[in-house]
Amino acid sequence: VILIPFLIQTSLAMIPRSFVVDPESNCFRKDGQCFQYISGSLHYWRMPSEYWEDRLLKYKAAGLNTIQTYIPWNLHEPRKGETDFRGNKDLYTFLNLCNKLDLLVLLRPGPFIAAEHEFGGFPGWLTTQSTTVGFRSSEAVYFNNVVEWFDKLLPTLVPYLYSRGGPVIALQVENEYGSNPACDAVYLRELIQVFQSYLPPYSTLLFTVDGPRKRMLECGSSPLVYNTVDFGSGGGNITAYFEMQARYNSGGPPVNTEFYPGWLSHWGSKFPSVSRTHVAKTLDAMLAYGASVNIYMFYGGSNFQFSSGAKGNKDGTIFAPHTTSYDYDAPLNEAGDTTMKFWDIRNVIAKYKDASSSASVPRNSTKRSYGRVEMSVAGSLLDPEYMEQCGKQTWNSRPLSLEENNQVIS
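Residues numbered from 1 in each chain as written. Predicted model: local features only at pLDDT ≥ 70, side-chain atom pairs only at ≥ 80, totals over all residues. Heavy atoms only, no water.

1. A short note on the layout of surface pockets
Point 1. Volume-wise, the largest pocket comes out at about 1300 Å³.
Point 2. Considering the residues around the largest pocket, the lining is formed by 36 residues, among which F112, A114, A310, K311 and G312 are closest to the centre.
Point 3. The set of elements that each furnish at least two residues to the lining of the largest pocket consists of β12 (310-312) and β13 (319-321).
Point 4. Take the lining of the largest pocket: its biggest share by element is 3 residues, from β12.
Point 5. Tallied by class, the residues present in the lining of the largest pocket amount to 18 nonpolar, 11 polar and 7 charged.
Point 6. What the second largest pocket holds in volume is close to 300 Å³.
Point 7. Of the residues belonging to the lining of the second largest pocket, the class tally is 7 nonpolar, 3 polar and 5 charged. (1 Å grid on protein atoms, 1.4 Å probe; cavity = no way out; pocket = protein on both sides within 12 Å on 5 of 7 lines; lining within 4 Å. Points joined across faces, edges and corners; volume = space filled by probe spheres on them. Helix = DSSP H or I, 4+ residues; strand = E, 2+ residues; numbered from the N terminus. Nonpolar A, V, L, I, M, F, W, Y, C, P; charged D, E, K, R; others polar.)

2. Quick notes on the state of the cysteines
Point 1. For the structure on display, the rule yields 2 disulfides.
Point 2. Here C27 connects covalently by a disulfide to C34, the sulfurs 2.1 Å from one another. Here C27 and C34 share a disulfide; its torsion about the S-S bond, -60°, makes the bridge left-handed.
Point 3. The exposure class assigned to C27 is buried, which follows from its relative accessible area of 9%. (Disulfide = S-S within 2.5 Å. Buried < 20%, exposed > 50% of the residue type's maximum accessible area, 1.4 Å probe, protein only.)

3. Thoughts on the packing of helix α5 (residues 140-157) against helix α6 (residues 185-198)
Point 1. Packing of α5 against α6 leaves a shortest axis separation of 10 Å and a crossing angle of 25°. When the interaxial angle is binned, α5 and α6 end up roughly parallel. The handedness of the crossing between α5 and α6 comes out as right-handed. Contacts from Y142, F143, V146, V147, F150, D151, L154 and P155 in α5 reach Y187, E190, L191, V194, F195 and Y198 in α6.
Point 2. Looking at the contact of α5 with α6, its residues break down into 12 nonpolar, no polar and 2 charged. (Axes fitted to C-alpha atoms, helices over the stretch in contact; angles between N-to-C directions. Parallel < 35°, antiparallel > 145°, perpendicular 65-115°, else oblique. Left-handed = near helix turned anticlockwise from the far one by under 90°. Contact = heavy atoms within 4.5 Å.)

4. Details of the sheet that holds strand β3 (residues 33-35)
Point 1. Read across the sheet, 3 strands follow the order β1-β2-β3 without closing on themselves; strand pairing throughout is antiparallel. The sheet terminates laterally at β1 (19-22) and β3, the two strands that pair on one side only. Strand-to-strand twist across the sheet, computed as the mean angle between neighbouring axes with direction ignored, equals 45°.
Point 2. Strand direction decides the pairing type here: β1 and strand β2 (residues 27-30), joined by 4 bridges, are antiparallel. (Pairing = 2+ DSSP bridges.)

5. Notes on helix α4 (residues 91-100)
Point 1. Taken together, the buried positions of α4 are L91, Y92, F94, L95, L97 and C98.
Point 2. Each element contacted by the buried residues of α4 is listed here: α2 (52-61), β5 (66-70), β6 (104-108), α5 and β7 (168-172).
Point 3. Residue D102 follows α4 closely and has a positive phi angle near 60°.

6. Some details on the pairing of β6
Point 1. Burial within β6 is extensive, with 5 of its 5 residues counted as buried.
Point 2. Here β6 shows a buried face lined by L104, L106 and R108 and a second buried face lined by V105 and L107.
Point 3. Across 5 bridges, β5 lies against β6 in parallel orientation. Its bridge partner lying in β6, Y70 is registered against R108.
Point 4. One ladder, built from 3 bridges, connects β6 with β7; its direction is parallel. Each bridged residue has a counterpart across the sheet, and for V105 the counterpart in β7 is V168.
Point 5. On the question of chirality, the crossover connecting β6 to the parallel β7 by way of α5 is right-handed. (Right-handed = clockwise from strand over helix to strand, strands pointing away.)

7. What to know about the side chain of N227
Point 1. Structurally, N227 can be placed in strand β9 (residues 226-229).
Point 2. Classification of N227 by relative accessible area gives buried; the value is 1%.
Point 3. Those residues in contact with N227, other than ones at most four positions away along the chain, are T208, S221, S222, Q245, Y248 and N249.

8. A look at a nonpolar patch on the surface
Point 1. Together, Y370, V373 and M375 make up an exposed nonpolar region whose accessible area comes to about 470 Å².
Point 2. Positionally, M375 belongs in the loop between α10 (340-350) and α11 (384-389). (Patch = residues over 30% accessible without salt bridge, like charges linked within 9 Å, V, L, I, M, F, W, Y side chains within 5 Å. Areas by Shrake-Rupley, 256 points an atom, 1.4 Å probe, with all protein chains shown as cover. Salt bridge = Lys/Arg side-chain N within 4 Å of Asp/Glu carboxyl O.)

9. A short note on empty space enclosed by the protein
Point 1. Scanning the entire structure with this criterion turns up 2 cavities of 30 Å³ or more.
Point 2. The space that makes up the second largest cavity amounts to roughly 40 Å³.
Point 3. If you go around the second largest cavity, the residues you meet are F28, Y37, L106, A170, L205, F207, Y226, T228 and V255.
Point 4. Of all the secondary structure elements, the ones that give two or more residues to the lining of the second largest cavity are β8 (205-210) and β9.
Point 5. Classifying every residue of the lining of the second largest cavity gives 8 nonpolar, 1 polar and no charged.

This is the structure we're talking about:
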């Protein structure tokens, strides 16, 4: 018998350290009390770990009580069987810091995360497993690799669940799967069952997110989890969006899992700017409606090395790579400094979360000039002796991909 984590039982609501959906009161219940989370996305790998605490304290000072983050598979398993949780990829230290600062966490393990991140978070070596890998489907090669990864990852998350004394109140399954043309219901169901098999029964909430459209929710939602929506401040009808979400749940709170205060950037395109007035107005309306909201992104950070993704299509006629900067026109800019949008959002939240918004805001960092940087010639790619020093050389009758050469790029 498969136990469904999100279903509320009267006895469960009385258990200390619980976070569940109450379908009768249409709210989340945290430790038995109705609870509205106000969250901001922060991707721990998009900044040096030394800055984590500064950013989290600014989130808290804005009135946020929750942090949302993805787990990028490709950064943590850059080569098959080799895991890496060092430096700014140290997920567990990040979660402990959130717990220390009394911030809850919404965790998004994927396996597909999108996030304008290289290959949507998939490790490049997946492409070498088969010539017909069926990404985001129940195809055996792909799905077996997902199970192997989750076999490593999910058990390590159990001690960080809220019910076990940690900060994690919910885990997201997949990511906007309703936007995927495959619409593989078998895949979504089996993926949910994988989550359930590694997490203790009733230990945490599982959820999905999709755009507030019928086709998206029909493909991306499931009766086995709690289904949420995402949208920005573009003037849409929030009541209609949340009513659409409600059709795919048997009661529960309205949730906007990705409320966009800005937008992503492409090379060669104008930096996107989203009106702070529209952002504040829409956030105010959602909180007044009783919705739980996550602001994506509250701080964007940077795409280090080659970790930025790209927008494209199957026939290759569209290719728009994302910039190194993931500033996102967010309330905290790429340097982690507060913007006017930050203060507008803080003022809105203060109407609903007065006590948590009274915390002082940490000062912005001091900026310094690097001064003159002298560059020197290291060598030439046309020099055989220099190339010998650069590492192993591979000869082939055709150009090989980085994955075929077992090179990690992110």
